[in-house]
Amino acid sequence: MLAHGGNLRDAVKNFNRPLEQWLDLSTGINPHFYPAPVLADNAWHRLPEHSDELIIAAQTYYAAPTMLAVAGTQAAIQTLPLLRKNLHGIARVVVSAPSYAEHAHQWRRAGHQVTEVTYAALDSMLDQADVLVLCNPNNPTGETIAPDQLLKWGERLAQRGGWLVVDEAFGDTLPMLSVAAQTQRAGLIVLRSVGKFFGLAGIRLGFVAAQTELLQQLAAMLGPWAVSGPAQQIAIAALNDRAWQMATRTQLQAQGERLRSLLKQHGINSSGTDLFQWANHRDLDGQTEVLWHFMAEHGVWLRWFPEAADRLHGGPHGLRFGLPGSEAGWQLLSSTLNEWTQQHV
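Keep in mind the model is a prediction, meaning the values are calculated, not measured. (Residues numbered from 1 in each chain as written. Predicted model: local features only at pLDDT ≥ 70, side-chain atom pairs only at ≥ 80, totals over all residues. Heavy atoms only, no water.)

Structural notes on the packing of helix α3 (residues 73-88) against helix α7 (residues 212-222)
Next, step 1: Interhelical geometry of α3 versus α7 gives an angle of 110 degrees and a closest axis separation of 10 Å. On the basis of the axis angle, α3 is roughly perpendicular to α7. Each of Ala-75, Thr-79, Leu-80, Leu-82, Leu-83, Asn-86 and Leu-87 in α3 lies in contact with α7, whose residues at this interface are Leu-214, Gln-217, Leu-218, Met-221 and Leu-222.
Next, step 2: Partitioning the contact of α3 with α7 into residue classes produces nine nonpolar, three polar and no charged. (Axes fitted to C-alpha atoms, helices over the stretch in contact; angles between N-to-C directions. Helix = DSSP H or I, 4+ residues; strand = E, 2+ residues; numbered from the N terminus. Parallel < 35°, antiparallel > 145°, perpendicular 65-115°, else oblique. Contact = heavy atoms within 4.5 Å. Nonpolar A, V, L, I, M, F, W, Y, C, P; charged D, E, K, R; others polar.)

The structure is reproduced here in C-alpha cells:
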C-alpha cells in the first residue's frame, strides 16, 4: 500500500517518541471536528439500509443533482478504474501530479495506461486521454482550475465516451470551484469527502456525484451495506448543520492564513488551501528531507512527499503542513520553526 499522512504509529516507531507527545500535522483534516451526535440505541445492531435522508442532505450541501454514498472516497477511487475497464476496456488515463497518489496507483493497478503530468500540462494532454483525473483544489499543492475550464474538458472527453474525474475533497471552503452541480453531464464524475472539512475521517464516508446510470453501476460493484449506520447518522447531522458549517469556514480561513503567515516568517513560501500548506523542494532550498527529519525530532509530524519527484522524473516534491488543533500546538510549531531558522538560515 502507498504511504499516507496520519501515520503516527510510524512516527512513534521511527523516532522513539510516545504517541501522546506528537503534534500531527501530516494530514489536511480539520482538527476541530464536527461534534458527533448521540447515536440511536440500535445504531450498532441493525444492518445499514439505504438512507434517502442522507442522500438528500448530501445533494443539498454539495448542490449535486444525484449522489451515491460510499465508504470514503477511497472506495470510489479504487472501484472507478475497474468499472471503466468493465464498460470500455483499457483506457489512456492522464492524472495530475503531484497529487493524491491513490488516483494514479489505482488506475495503474486496474491495468490502464497512466500518464502523470503537471497541472500546467493537462490541457495539452487532453486529446491523448480517455480519462482525465485531477484534484481541485489540488492535494498537496493547492493549485486550482476554474469550473468553466473543467466543463470544457469534460465536454471534449464526453464526445468520445471519456470521463473527467474531479476529486473535490478539499473544496468545502471554496464552493465556487465545484462542478458537482453539473454532474448530470455525461462522463463528469465528482468525488466529495466528509473527512476533511468536517474532520470526520474516521467514519469513512464520501460521496460520488455523476449521472444516475453510472452511479447505479458503481453501487452494484461496491455491493450492499457500503456505509455503516453510525456513519449515516453522524453525516446527516453534519451536512444539515448550516451554523456549524458557516462558523467553521470562517475559522479555517483565519487559521489557514495564520499558517501561511507563520511559514512565510521563516522564509517558507507556500501554497495550499485553508486546511493545509505545501512547500516544494525549491522553496525549502533543497532541504526538504532535512526539515522533515528536524521537525520529527521535535515531535512535529509532517507529510513528506518524496515520491512526487520520482513520478515526475525529478519534478518538485516537498512538505505538507496541516493545521494545529490547539494554541499549544501552534506554539510548538512556531518554536520549532524558530529553532530551525536559527540553525539553518
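Digging into helix α6 (residues 147-158)
Next, step 1: A rise of 1.5 Å per residue sets the reference length of α6, with its 12 residues, at 16 Å; its end C-alpha atoms lie 16 Å apart and thus fit the reference within 8%.
Next, step 2: Residues of α6 that are buried include every one of Pro-147, Leu-150, Leu-151, Trp-153, Gly-154 and Leu-157, and no others. Projected down its long axis, α6 carries its buried residues within an arc of 160 degrees, all on one side. Turned more than 90 degrees from where α6 packs its buried face, Asp-148 and Lys-152 sit exposed.
Next, step 3: Lining the buried residues of α6 we find α5 (122-125), β5 (131-135), β6 (163-167) and β7 (188-193). (Expected span 1.5 Å × (residues − 1). Buried < 20%, exposed > 50% of the residue type's maximum accessible area, 1.4 Å probe, protein only. Arc of directions from axis to C-beta.)

Thoughts on the sheet that holds β6
Across a sheet, paired strands are connected by hydrogen bonds in the backbone, their directions being either parallel or antiparallel.
Next, step 1: Reading across from one edge, β2-β8-β7-β6-β5-β3-β4 is the order of the seven strands in this open sheet, with mixed pairing throughout. At either margin of the open sheet sits one strand with a lone partner, and together these are β2 (67-70) and β4 (113-117). When strand polarity is set aside, the average angle formed by the axes of neighbouring strands in this sheet is 20 degrees.
Next, step 2: Where β6 meets β7, four bridges bridge the pair, whose relative direction is parallel. The partner of Val-165 across the bridge, within β7, is Ile-189. (Pairing = 2+ DSSP bridges.)

With respect to unusual backbone geometry
Next, step 1: Cis geometry marks the peptide bond from Ala-97 to Pro-98, where omega comes out at -5 degrees.
Next, step 2: Relative to the helices and strands, Pro-98 resides in the loop between β3 (92-96) and α4 (102-109).
Next, step 3: Backbone torsion omega between Asn-136 and Pro-137 reads 0 degrees, so that peptide bond is classified as cis.
Next, step 4: Summarising the element assignment, Pro-137 is placed in the loop between β5 and α6.
Next, step 5: Despite not being glycine, Asn-16 shows a phi value in the positive range, around 55 degrees.
Next, step 6: Looking at the secondary structure, you find Asn-16 in the loop between α1 (8-15) and β1 (23-24).
Next, step 7: The phi dihedral of Arg-204 falls on the positive side, at around 50 degrees, and the residue is not glycine.
Next, step 8: Looking at the element boundaries, Arg-204 is found in the loop between β7 and β8 (206-209).
Next, step 9: Classification of Arg-204 by relative accessible area gives partly exposed; the value is 42%.

Quick notes on the sheet that holds strand β12 (residues 303-304)
Next, step 1: Here four strands make up an open sheet; going across it, the order is β9-β10-β13-β12 and the pairing antiparallel. Either end of the sheet is taken by a strand with one partner, and the two such strands are β9 (271-273) and β12.
Next, step 2: Of the strands in this sheet, β9, β10 (276-280) and β13 (318-322) touch helix α9 (residues 242-265), which is tilted by about 30 degrees from β10.
Next, step 3: Against the sheet, helix α10 (residues 288-297) touches β12 and β13, its axis set at about 35 degrees to β13.

Looking at the nonpolar core
Next, step 1: In terms of nonpolar packing, the biggest core is built from 79 residues, with Leu-122, Leu-132, Leu-134, Phe-198, Phe-207, Leu-239 and Leu-333 touching the most fellow members.
Next, step 2: One finds Leu-68, Ala-75, Ala-91 and Leu-218 within the second-largest nonpolar core, a separate group that totals 24 residues. (Core = buried A, V, L, I, M, F, W, Y, C linked by side-chain atoms within 4.5 Å.)

Looking at the pairing of β7
Next, step 1: Of all six residues making up β7, six are buried, and the element is well covered by its neighbours.
Next, step 2: Along β7, one buried face is formed by Leu-188, Val-190 and Arg-192 and the opposite face, lined by Ile-189, Leu-191 and Ser-193, is buried too.
Next, step 3: Two strands pair when backbone bridges link them, and β7 and β8 are joined in this way by four bridges, in the antiparallel orientation. Residue Val-190 lies in a different strand from β8, and its bridge partner there is Ala-209.

Quick notes on the confidence of the model for the protein
Next, step 1: In this model, the protein carries an average pLDDT of 94, and 97% of its residues clear a pLDDT of 70 or more.
Next, step 2: Counting interchain partners and residues more than four positions distant, the pLDDT-below-50 stretch residues 308-315 has 17 contacts. (pLDDT = per-residue confidence, 0-100.)

Quick word on the pattern of salt bridges
Next, step 1: Under the counting rule described, the total for this entry stands at 10 salt bridges.
Next, step 2: We note a salt bridge from Glu-116 to Arg-108, for which the minimum N-O separation is 3.0 Å.
Next, step 3: Relative accessible area serves as the criterion here: at 12%, Glu-116 is assigned to the buried category.
Next, step 4: A salt bridge links Arg-192 to Glu-168, with the nearest nitrogen and oxygen atoms 2.9 Å apart. Of this pair, Arg-192 sits in strand β7 while Glu-168 sits in the loop between β6 and β7, placing them 24 residues apart in sequence.
Next, step 5: Through salt bridges with shared partners, one network takes in Asp-123, Asp-127 and Arg-156. (Salt bridge = Lys/Arg side-chain N within 4 Å of Asp/Glu carboxyl O.)

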